[in-house]
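Reading the structure
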Amino acid sequence: MPSLPAAAARVIAISRSSELRLADYARIFEQDPALTLRLLSMANSAFYSRGGNPVSSSLDAVSRIGLDATLAIALSFGLPHPRTGGHLDHEYLCQRAIIAASATQELAQHLCPDHAPQLFTTALLQDIGMLALEALDGEAYVASLPDLHQHQTLAEVERQRYGCDHALIGAWLAASWGVPGPIAVGIIDSHGPLADGNARQLSLRLSCRIADCWLAADSATAFSTLLRQLASLASLDIVMLMTVMQELQHRLPSLARLFEITSPPAIDNAHLLAEAKELLFEQNLRMTIRLAEQQRELEALHASHVALDEQHRTDHLTQLANRPWLERRLTQHFDCARQARQPLTVMFIDLDHFKRINDRFGHRFGDEVLIHFAATLNNMVRESDIAGRYGGEEFLVIMPNTRRQQAGILANRIREYLASQPLAQADGEPLHVTASIGIADLEDGEFEDAAALVDAADQAMYGVKHGGRDGVGHYEEPDSSS
């Protein structure tokens, strides 16, 4: 099985320490000239220097690139350099590792910045298990594999032949080296399907596919296929992905020199950008359609809610407010009027001799009379008033900001209308109905609550009933001295 050089093993041992110090890392690197050269090259690369002054010491280099990137450099020694006569195409594997490591770091900068350095290391080592399988099974392993470019198919063949794939073996190998646990877990995760929900996983898994497309014989077609697959991912911004690809194109030559491999081929950015624009248009179109559908669903839900609310507060026969709704609204207006010291009047209406109408013509005819009266009442009240059916042939009108004199005007208009306009036709003859109306003003007495105000209007209405019906009566508080 592959093993690590002593210097790299010591770096890993320090990374497990609870008290990490940059000086300890630097001291180990200084003991290995090749490792020091790679560390300084990385620290002075375009990605890390960002126009700053060159560094010339291991300590300054570790300070600039961070502990995770330093660990990645040490672990990169576990990947063999390209060689001829081997069973696997090590040049291709190294190029794939470098592209994937760079891609996952760039993606992570946008999706999960805190994990970017560690993900670089993870992606760099994701295929280390293939080297282990080659060391164990040699030509038999290579002969059983499809084209290395078909990475998902390759893993399936491994599972059929060995009962596990190179990702699992690579994770075990990394753990045996003492690599931090999240890196080993990440190696296993790196070959899973693309899905929303976990930015760290998505960065790793997408970077593998970017590397495969980059090194494909027809990279333009490969990238087009990948972009189509990415269209369903809500968490991935296509514009951001294009930025990542452009940055990779810029970084890869210097990284290839750093890791002493042939620079990966350049890709056709213009073609890729055109594909991305087309995909972005399709994504926006789908989003617009989805938003329109959601808007229609919201409107339908709102309409359903309004209908249910209407049913909840409406009398099914007259379509006026029902009694429970009337009582709730009256309580609200009663409390507001008392607090603001504003006027409030209620009008209680009872249709005269209604039982006689039901007995003579039937309840369906009586319902018709109620419906016509309700429509008349609804047309005559103001927008600020609330008219409703209180029960049977009784109706209540809540009149905010209104005194008894104004309410009396409306009551007389109702009586005049009933006298001039029939509410129904009975046996071919017009049927006129009269009403007894009682009015109570909040200023007419000391009312404890809204129900007491309604009772007062009800008493005034009964006074009209006892006086011969078809009239308007105003509540008068009894004289407590009598």
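Going by the annotation in an unreviewed UniProt entry, the name recorded for the protein is diguanylate cyclase, with Billgrantia zhangzhouensis given as the source organism. What UniProt states about the protein under its Catalytic activity (unreviewed entry) heading is, verbatim, "2 GTP = 3',3'-c-di-GMP + 2 diphosphate".

With seven of seven residues buried, strand E3 (residues 394–400) is to be regarded as a mostly interior element. Where burial is concerned, the two faces of E3 agree: the one with Glu394, Leu396, Ile398 and Pro400 and the one with Phe395, Val397 and Met399 are both buried. Here strand E1 (residues 344–351) runs beside E3; their pairing, made up of seven bridges, is antiparallel. Along E3, the bridge assignment pairs Phe348 with Leu396. Sheet topology note: the strand E2 (residues 386–391)/E3 ladder contains five bridges and is antiparallel. Each bridged residue has a counterpart across the sheet, and for Gly388 the counterpart in E3 is Leu396. As consecutive antiparallel partners, E2 and E3 are separated by two residues, and within that stretch Gly392 has a phi angle of approximately 55°, a positive value.

Right, let's get into the side chain of Arg389. Examined against the element boundaries, Arg389 turns out to sit in strand E2. Among the residues examined, Arg389 registers a relative accessible area of 15% and is labelled buried. Side-chain polar atoms of Arg389 contact the side chain of Asp315, separated by 3.4 Å. For Arg389, the side chain forms a polar contact with the main-chain oxygen of Gly392, separated by 2.9 Å. In this view, Arg389 contacts Asp315, Leu317, Thr318, Leu320, Ala321, Asn322, Arg323, Leu326, Leu370, Glu394 and Phe395; residues no more than four positions away in its chain are not counted.

This part covers the sheet that holds strand E7 (residues 471–474). Judged by pairing direction, the sheet is mixed, and its five strands sit side by side in the order E2-E3-E1-E6-E7 without closing on themselves. Edge positions in the sheet fall to E2 and E7, since each has one partner strand and no second. Each strand axis lies, on average, 20° off the axis of its neighbour in the sheet, ignoring direction. Most of the contacts of helix H17 (residues 323–340) go to E2, to which it runs at about 130°, and overall it touches E1, E2 and E3. Taken strand by strand, helix H19 (residues 363–380) contacts E1, E2 and E3, and its axis lies near 10° from that of E3.

What follows is about the side chain of Thr122. Among the secondary structure elements, Thr122 is positioned in helix H8 (residues 116–124). Beyond its immediate sequence surroundings of up to four residues, Thr122 is in contact with Ile183, Gly186, Ile187 and Leu204.

Residues of helix H5 (residues 58–65) that are buried include every one of Ser58, Ala61, Val62 and Ile65, and no others. The arc that holds the buried residues of H5, viewed along the axis, is 95°, so those residues lie on one side.

Next up on the list: the pattern of salt bridges. Inspection of every chain in the model, using the stated rule, returns 13 salt bridges. One salt bridge connects Lys355 with Asp359, and the closest N-O pair in it is separated by 3.0 Å. Residue Lys355 and its partner Asp359 are located together in helix H18 (residues 354–361), separated by four residues, close to a single helical turn. The exposed category is assigned to Asp359, whose relative accessible area is 55%. The salt bridge involving Asp385 is made with Arg382; its shortest N-O contact spans 2.8 Å. A relative accessible area of 7% places Asp385 in the buried class. Each member of the salt-bridge network shares a partner with another, and the members are Arg96, Asp127 and Asp212.

With 17 residues, helix H20 (residues 404–420) should cover 24 Å at 1.5 Å per step; its first-to-last C-alpha distance of 24 Å lies within 8% of that length. On the buried face of H20, the contacting elements are E1, H19, E3, strand E6 (435–441) and E7.

It is a general feature of regular strands that their side chains alternate between the two faces of the sheet. Within E1, eight of the eight residues are buried, which leaves the element mostly enclosed by the surrounding structure. Every second residue of E1 is oriented toward a common face, with Leu344, Val346, Phe348 and Asp350 on one face and Thr345, Met347, Ile349 and Leu351 on the other, all of them buried. Pairing analysis gives seven bridges linking E1 to E6, with the strands arranged antiparallel. Considered in E6, the bridge of Val346 is made with Ala440.

Before going further, it helps to spend a moment on the nonpolar core. In this structure, Ile210 and Trp214 are the most contacted members of the largest nonpolar core, which totals 81 residues. Ignoring sequence-local partners within four residues, the contact set of Ile210 consists of Ala103, Leu107, Phe223, Leu226, Leu241, Met245 and Leu248. With 32 residues, the next largest nonpolar core counts Leu317, Val397, Ala411 and Leu423 among its residues.

Attention now moves to the packing of H18 against H19. At a minimum axis separation of 7 Å, H18 and H19 run at an interaxial angle of 135°. Regarding the angle of H18 to H19, the classification is oblique. Between H18 and H19, the contacting residues are Phe354, Ile357, Asn358 and Phe361 on the first element and His363, Phe365, Gly366, Val369 and Leu370 on the second. Split into classes, the residues belonging to the contact of H18 with H19 amount to six nonpolar, three polar and no charged.

Rules used in this analysis
Residues numbered from 1 in each chain as written. Predicted model: local features only at pLDDT ≥ 70, side-chain atom pairs only at ≥ 80, totals over all residues. Heavy atoms only, no water. UniProt positions renumbered as here; feature names shortened; annotations may be inferred. Buried < 20%, exposed > 50% of the residue type's maximum accessible area, 1.4 Å probe, protein only. Helix = DSSP H or I, 4+ residues; strand = E, 2+ residues; numbered from the N terminus. Pairing = 2+ DSSP bridges. Polar contact = N/O pair within 3.5 Å; in protein donor to acceptor, adjacent residues only side chain to side chain. Contact = heavy atoms within 4.5 Å. Axes fitted to C-alpha atoms, helices over the stretch in contact; angles between N-to-C directions. Arc of directions from axis to C-beta. Salt bridge = Lys/Arg side-chain N within 4 Å of Asp/Glu carboxyl O. Expected span 1.5 Å × (residues − 1). Core = buried A, V, L, I, M, F, W, Y, C linked by side-chain atoms within 4.5 Å. Parallel < 35°, antiparallel > 145°, perpendicular 65-115°, else oblique. Nonpolar A, V, L, I, M, F, W, Y, C, P; charged D, E, K, R; others polar.

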